[in-house]
Amino acid sequence: MEAHNITPVVLLACGSFNPITNMHLRMFELARDHLEDTGQYRVVKGIISPVGDGYKKKGLIEASHRLEMARLAAENSDWITVDSWESLQPEWVETAKVVRHHYEEIIAAEQNSDDVDTVKHIKKRRLDENYFESSSHQKRRDSPQLMLLCGADVLESFGVPNLWKQEDIAEIVGRYGLICVTRSGSDPHKFIHQSDMLWKYRKNIHVVHEWVANEVSATHVRRALRRGRSVRYLLPDAVVHYIQECDLYSAESEKKNADVVLAPLQRYTGASSSFPPSSSTGSQVTANEIKSTPTFISPLQSSIVSASLQLSSSAQQLEDHILFTHKEEKRVVIKMPVSLCGTWDIISNVNLEGYMIALGISPYLRKIALKLKLRKVIEQHGDQYIIKTVSTFRNYTISFRAGQDFEEFTQGLDNRHVKSLVTWEGNKLVCEQTGERKNRGWAHWVEDDKLHLELYCEGEICKQIYKKNVPE
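Residues numbered from 1 in each chain as written. Predicted model: local features only at pLDDT ≥ 70, side-chain atom pairs only at ≥ 80, totals over all residues. Heavy atoms only, no water.

Topic: the overall build of the protein chain
Okay, so step 1: Secondary structure summary: the protein chain contains 16 helices and 18 strands in total.
Okay, so step 2: Scored against the burial criterion, the 472 residues of the protein chain give a buried share of 50%.
Okay, so step 3: Taking as baseline every contact in the protein chain between residues at least 6 positions apart, the subset at least 24 positions apart corresponds to 67%.
Okay, so step 4: In the form shown here, the protein chain has an accessible surface area of approximately 23900 Å², with 49% of it arising from carbon and sulfur atoms. (Helix = DSSP H or I, 4+ residues; strand = E, 2+ residues; numbered from the N terminus. Buried < 20%, exposed > 50% of the residue type's maximum accessible area, 1.4 Å probe, protein only. Contact = heavy atoms within 4.5 Å. Areas by Shrake-Rupley, 256 points an atom, 1.4 Å probe, with all protein chains shown as cover.)

So this is what it looks like as C-alpha cells:
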C-alpha cells in the first residue's frame, strides 16, 4: 500500500488510572500492533488522560497523584504521553468533550506547522482536495485521526441507561473511532450486534483480542496495597516506589466518595450527590466501576446499576477548600490590596531545593517538585483570606484571618502540624509558622505588577516571582 494512503493515528485512553498498571500500557502496544497490521494506519502517539477528582468514584485518590504515577509509568516510552487537561478541570468532563479537546489540539498543532508557509500558499492548500468540511472546522485528510482506546467494559457501559448521552456515543464512535481491547470471556462483537447505535458505526470500531490472559485490575492492586501485599511486576517500578513514598492507598482512602453518587448519574438523572441512608454503598461501587480505567473487569451488572438510578434531588458539587474553624467574635475586616488578589503564574523560582531540604522533603519528591509550573490563586471573602497553590502534582489551599492564630497541617508539602499567624507588615502579607522547623514562614507582596513570594525555613530562602494571568 502506498505511504500516502496510510492514516496517522493518535490513541487516547481516558479513565481513573487509580493506579495505572502495566496492563494499561500493554493496551497501547496491542492497539498499535493491531492497527498497523492492517496496513492502513500508522500510530504516531498515545495519550493517557486521567479523569479529574470531580468524577467522584469510590476510592479515587487525588488527580495530582494519579497524574504523576501515569507520568512515571510512561517516562520510558518514546510514544506514549500523559496529558493533564482533563484531570485539572474542577468538575467532571464528559468523555466526548475530552476527545473533542484533544482532537482540536491535534488540528491546532497541524495548523501551527503550516505557519512556515506564506499566507497565499496556505489559502491555496486549503482549497486543495485534501481539505474537507467537518462540523466545526476544516481538517486535512492527512491529519492524524484520533481514536478512543478502551477496554470491553467501557464498550459495554454504552448500554447502561443514563450513564452516557446517546449523542456523545455517536460522536465518539461515529466521528472519531474506537479501538477496544478485549479478552477471552467477553464478546464485544455480540454487544455491537445488539446495539443499534454501535451497529450503525461498526466500521469505526476496532476490536483487539488479548490472547495472553491477564486479570490485572486497579481494584485488585488497591486491595493488595491496603493489605500490605507486594504489587511489584503489576505496576511499573517507579509507580510502586511513588506509592510507597507517598503512602497511598489505605483503608481510609478506599472510603473516599463511598456515599457520593457517581458524577454522570448526578448529571443525567438529577440524582442527589449522596446516597440516602437506606441505600447500600455497594451500589455506588458497582456504578463507579462502569467508567473505570480502561482495564479488564467482569461485564457490568446492570441490575445493580439500575438500583443506583432511583436517587432523586440534584446537588451541585462544590470545590473543596481547606478551612479552619475559629471562635466567633467581632473583628475589623482589613481589605486585601486589590492588586494581590487574582491568578498568578510562576516565572521565577530560586532556591526551591534548598528550602525543601530544610523542610526535610525526600530527594524523590524534590525532583518532582522542581519540574512543576506553579500557579497562585489569591482571594478575599469578607475577613477570610484564601491562598491556593495549584500544580499538576498537588494542590494546597490555606484559609485564614489576618491577626488570628490557627492550626495548620501542611498536607502535601512536608505533612507537619504548625501554629500559623498571618499579619500585614506594610504592603506585605507575612506568615510565621511555629513548629518542628525553626524560623519558618513566608511573605507575599506585589511589586512592579509582579507577585513576589519568599519561603523561608532554618536559614534557607526560596524566592519566587509570579506574573498575573489575565484572561484573553
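A closer look at empty space enclosed by the protein
Okay, so step 1: Inspection of the entire model under this criterion finds five cavities of 30 Å³ or more.
Okay, so step 2: Listed by contribution, the elements that provide at least two residues to the lining of the largest cavity are helix H15 (352-359), helix H16 (363-369), strand S11 (384-390), strand S12 (396-400), strand S16 (440-447), strand S17 (450-457) and strand S18 (460-468).
Okay, so step 3: Here the lining of the largest cavity gets four residues from one element, more than from any other, and that element is H15.
Okay, so step 4: Here the lining of the largest cavity is composed, by residue class, of 18 nonpolar, eight polar and four charged. (1 Å grid on protein atoms, 1.4 Å probe; cavity = no way out; pocket = protein on both sides within 12 Å on 5 of 7 lines; lining within 4 Å. Points joined across faces, edges and corners; volume = space filled by probe spheres on them. Nonpolar A, V, L, I, M, F, W, Y, C, P; charged D, E, K, R; others polar.)

A word on the sheet that holds strand S9 (residues 342-350)
Okay, so step 1: The strand order S12-S11-S10-S9-S18-S17-S16-S15-S14-S13 describes an open sheet built from ten strands, whose pairing is antiparallel. If you trace the sheet from one side to the other, it starts and ends with S12 and strand S13 (406-409), each paired once. Averaged over all neighbouring strand pairs, the angle between strand axes comes to 25 degrees, with direction disregarded.
Okay, so step 2: As defined by bridge partners, S9 adjoins strand S10 (residues 375-381) across four bridges and the pair is classed as antiparallel. Considered in S10, the bridge of Trp344 is made with Lys376.
Okay, so step 3: Packed on one face of the sheet, H15 meets S9, S16, S17 and S18 and runs near 130 degrees to S18. (Pairing = 2+ DSSP bridges. Axes fitted to C-alpha atoms, helices over the stretch in contact; angles between N-to-C directions.)

Structural notes on the pattern of salt bridges
Okay, so step 1: Inspection of every chain in the model, using the stated rule, returns 18 salt bridges.
Okay, so step 2: Lys58 is the partner of Glu254 in a salt bridge, and the nearest nitrogen-oxygen pair spans 3.9 Å. Note that Glu254 is positioned in helix H11 (residues 251-254) and Lys58 in the loop between strand S2 (41-50) and helix H2 (63-74), a separation of 196 residues in sequence. Note on accessibility: Glu254 and Lys58 belong to one class, buried.
Okay, so step 3: For the salt bridge of Asp237 with Arg232, the shortest nitrogen-to-oxygen distance reads 3.5 Å.
Okay, so step 4: Given a relative accessible area of 44%, Asp237 falls into the partly exposed group.
Okay, so step 5: Residue classification places Arg232 among the partly exposed positions, given a relative accessible area of 46%.
Okay, so step 6: Salt bridges sharing partners connect three or more residues here, namely Lys58, Arg222, Arg226 and Glu254. (Salt bridge = Lys/Arg side-chain N within 4 Å of Asp/Glu carboxyl O.)

Focus: the packing of H2 against helix H10 (residues 237-246)
Okay, so step 1: Packing of H2 against H10 leaves a shortest axis separation of 8 Å and a crossing angle of 150 degrees. Relative to H10, the element H2 is oriented roughly antiparallel. Of the two elements, H2 crosses H10, and the hand of that crossing is right-handed. Contacts between H2 and H10 pair His65, Glu68, Met69, Leu72 and Ala73 from the former with Ala238, Val239, Tyr242, Ile243 and Cys246 from the latter.
Okay, so step 2: Among the residues making up the contact of H2 with H10, the classes are represented as eight nonpolar, one polar and one charged. (Parallel < 35°, antiparallel > 145°, perpendicular 65-115°, else oblique. Left-handed = near helix turned anticlockwise from the far one by under 90°.)

Concerning H2
Okay, so step 1: Helix length check: H2 (twelve residues) gives 16 Å between terminal C-alpha atoms against 16 Å at 1.5 Å per residue, within 8%.
Okay, so step 2: Taking burial as the measure, the twelve residues of H2 include eleven buried ones, the bulk of the element.
Okay, so step 3: The complete set of buried residues in H2 reads Ala63, Ser64, His65, Arg66, Leu67, Glu68, Met69, Ala70, Leu72, Ala73 and Ala74.
Okay, so step 4: The inward-facing, buried residues of H2 contact helix H1 (22-37), S2, strand S3 (80-82), H10 and H16. (Expected span 1.5 Å × (residues − 1).)

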